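Spelled out, the chains give:
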Amino acid sequence: MWRDLKSMATTARGRGIAPLFDGTRAADFTVRFDGMLLDYSKTSMDGAVRGALLALAEERGVPARREAMFTGEPINETEGRAVLHTALRNLSGQPVMVNGEDVMPGVLATLARMRSFAGSVRSGAFKGAGGAITDVVNIGIGGSHLGPDMAVRALMPYADGPRCHFVSNVDGADIAGTLAGLDPARTLVLVASKTFTTTETMTNAATARAWMAATVDDPGAQFVALSSAEDKAGEWGIDPSRVFGFEDWVGGRYSIWGPIGLSLMIAIGAENFTEFLRGAEAMDIHFRKAPAQDNMPMMLALTGLWHHQACGYATRAVLPYDQRLARLPAYLQQLEMESNGKGVAMDGRTLNYGSGPVVWGEPGTNGQHAFYQLIHQGPEVVPCEFMVAARGHEPDLAHQHALLVANCLAQSEALMHGRDLNAARALMKEMGFTGAEQERQARHRVFPGARPSTTLIYDLLTPYRLGQIIALYEHRVFVEGVILGLNSFDQWGVELGKELANTLGPVLAGNVPMDGKDGSTQQLVTYVQSSNG
Ligand code: F6P
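Remember, predicted model here, so these are calculated numbers, not experimental data.

Asks: Even after reading the chapter, I still don't get the overall build of the chain, so can you show me in this structure?
Replies: The secondary structure content of the chain amounts to 20 helices and 15 strands. Relative to the compact-globule value of 24 Å for 533 residues, the chain shows a C-alpha radius of gyration of 25 Å, a close match. When its C-alpha atoms are laid out on the principal axes, the chain stretches across 80 × 60 × 55 Å. Within the chain, the proportion of its 533 residues that are buried is 52%. Sequence-distant contacts in the chain: of pairs separated by 6 or more residues, those separated by 24 or more amount to 74%. If you sum the accessible surface of the chain, you get close to 22700 Å²; carbon and sulfur atoms cover 53% of it. Here the chain carries 45 positive and 56 negative side-chain charges, and the mean point of each set is 5 Å from the other.

Here it is in structure tokens:
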């Protein structure tokens, strides 16, 4: 199957993209769902390629695996766990069974507690030592940070609660910079950690507690824990009434829908948070029920596989023309690369093909003035995933939004059409260049074109829409993982570095000899030690 797809990719490369457009291609290579439109017509996929990709998804058992996920089967096989972030946004009243037990009563009870707590923080009924809470600091990293940070920024037009801040890095600069200027007596700290053991988070949490203890008599009263390890949160000194737990079947990078999303709920309010869940739930139902070709996550995944596996493009750029989605690329880096950046298949077989691509990006139009040079003219082809809202939240600045949209659409057009040497020559002639200089200048103005992109367009970035978008990407990662035969829900690759960091702490402090370390590491340790006297 892959061999066929690769040979189709070779043919497609010679054919380009623009010539594929007939009267119906745009509509035919588009998926519309619930107010969103995903246009993948500006890719080199034709009907035969799409047919082969759809057949591949079927052959690799995507529908059965999808059903296994939604029904609580332990599809995270290396950890023996179900994968049920979808239960956190199941507002349908339908049960979700894990090991013969309905998990929904527990999920809904926690959601109700979150609503009540967030409401009391927002209304001022919950007080710090100095009165109503003005600032919330979420301390967490990875999945306990990227989602809420991204979403709070994205939904700023709805954020009428206390200000939310996010601390993740163990670099003291992060927490020092965040706490500076905050009033400890009116600050609430959320310690967000699924395991409640992550070094960065526990170190920052201890720093925050010491900061608060300097002026507040009972600092523990202004701490909240968001964790699966409720016992550990209790041992750390957080009262059970302020511990919001979730089950191990919620993966860290899939956890924004439950307690890890508390900062978002405090920022935008419970009603807007429910809309956020509803958007994701709508995408879940669509993903589960829509025929493959009309299924947005499925087609986004197949487009991704086409580019990465068949065409051999090593990276993909996520380019939101939506400033409030500035942290979406970082969020998707964890979602996609921690999920599918694997070297072995589910059954332990070493992969003899690439797994997930490198994902990167920046909001437009900023990226245009930075790295688009490479995207347009560099030798590497970078499939671009554009996204843009038809309307902005600033009615007074509609003219700016129009410019933003125009830029987004122009980029995908330019990538596809390019500019050939003759057109470049004509341009140079117009500019007054002649002879050899005209030719030399023209060569620099050639755009190869035939560079693929997709565009996701939506009306306005609302809580509902953001929920849809995140769930769309979650399911895209799932489909790609199933087709590649991976476990998208473990992350063993992050462990070795953590283990070595633990051994290096005492070495740097000079308490343990560095004999066992390689020459390079010894040299670096010596430098640090001598710089610290
Ligand atoms: O190191 C990777 C990781 O385990 C991520 O998967 C996770 O999102 C992050 O660390 C934070 O983990 P925790 O929520 O347990 O602190």
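Asks: Explain helix H18 (residues 463-484) here, please?
Replies: Count 3.6 residues to each turn of an α-helix, and residues three or four apart come out pointing the same way. Taking 1.5 Å of rise per residue, the 22 residues of H18 would be expected to cover 32 Å, and the 32 Å separating its terminal C-alpha atoms lies within 8% of that figure. Where H18 ends, the next residue or the one after it, glycine 485, has phi of about 75°, a positive value.

Asks: Even after reading the chapter, I still don't get the nonpolar core, so can you show me in this structure?
Replies: Grouped burial of nonpolar side chains is what soluble globular proteins tend to show. Ranked by internal contacts, the top residues of the largest apolar core, which has 119 residues, are Leu188, Trp249, Leu262, Trp306 and Leu466. In terms of residues, this core owes the most to one element, H18, which gives 13 residues. Residue assignment places this core across two domains, with domain 1 (2-13 + 30-59 + 290-417 + 451-489) and domain 2 (87-274) each supplying three or more. Leave out the neighbours within four places in its chain, and tryptophan 249 touches Ala82, Val83, Leu84, His85, Ala87, Leu88, Val98, Val103 and Val107. Ranked by size, the runner-up nonpolar core spans 22 residues in total, among them Ala185, Phe196, Met202 and Ala205.

What counts, and where the lines are drawn
- Residues numbered from 1 in each chain as written.
- Predicted model: local features only at pLDDT ≥ 70, side-chain atom pairs only at ≥ 80, totals over all residues.
- Heavy atoms only, no water.
- Helix = DSSP H or I, 4+ residues; strand = E, 2+ residues; numbered from the N terminus.
- Rg over C-alpha atoms; globule rule 2.2 N^0.38 Å.
- Buried < 20%, exposed > 50% of the residue type's maximum accessible area, 1.4 Å probe, protein only.
- Contact = heavy atoms within 4.5 Å.
- Areas by Shrake-Rupley, 256 points an atom, 1.4 Å probe, with all protein chains shown as cover.
- Lys, Arg positive; Asp, Glu negative; His and termini not counted.
- Charge placed at Lys NZ, Arg CZ, Asp CG, Glu CD.
- Expected span 1.5 Å × (residues − 1).
- Core = buried A, V, L, I, M, F, W, Y, C linked by side-chain atoms within 4.5 Å.
- Domains from an automatic or database assignment.

By themselves these figures say nothing about function.
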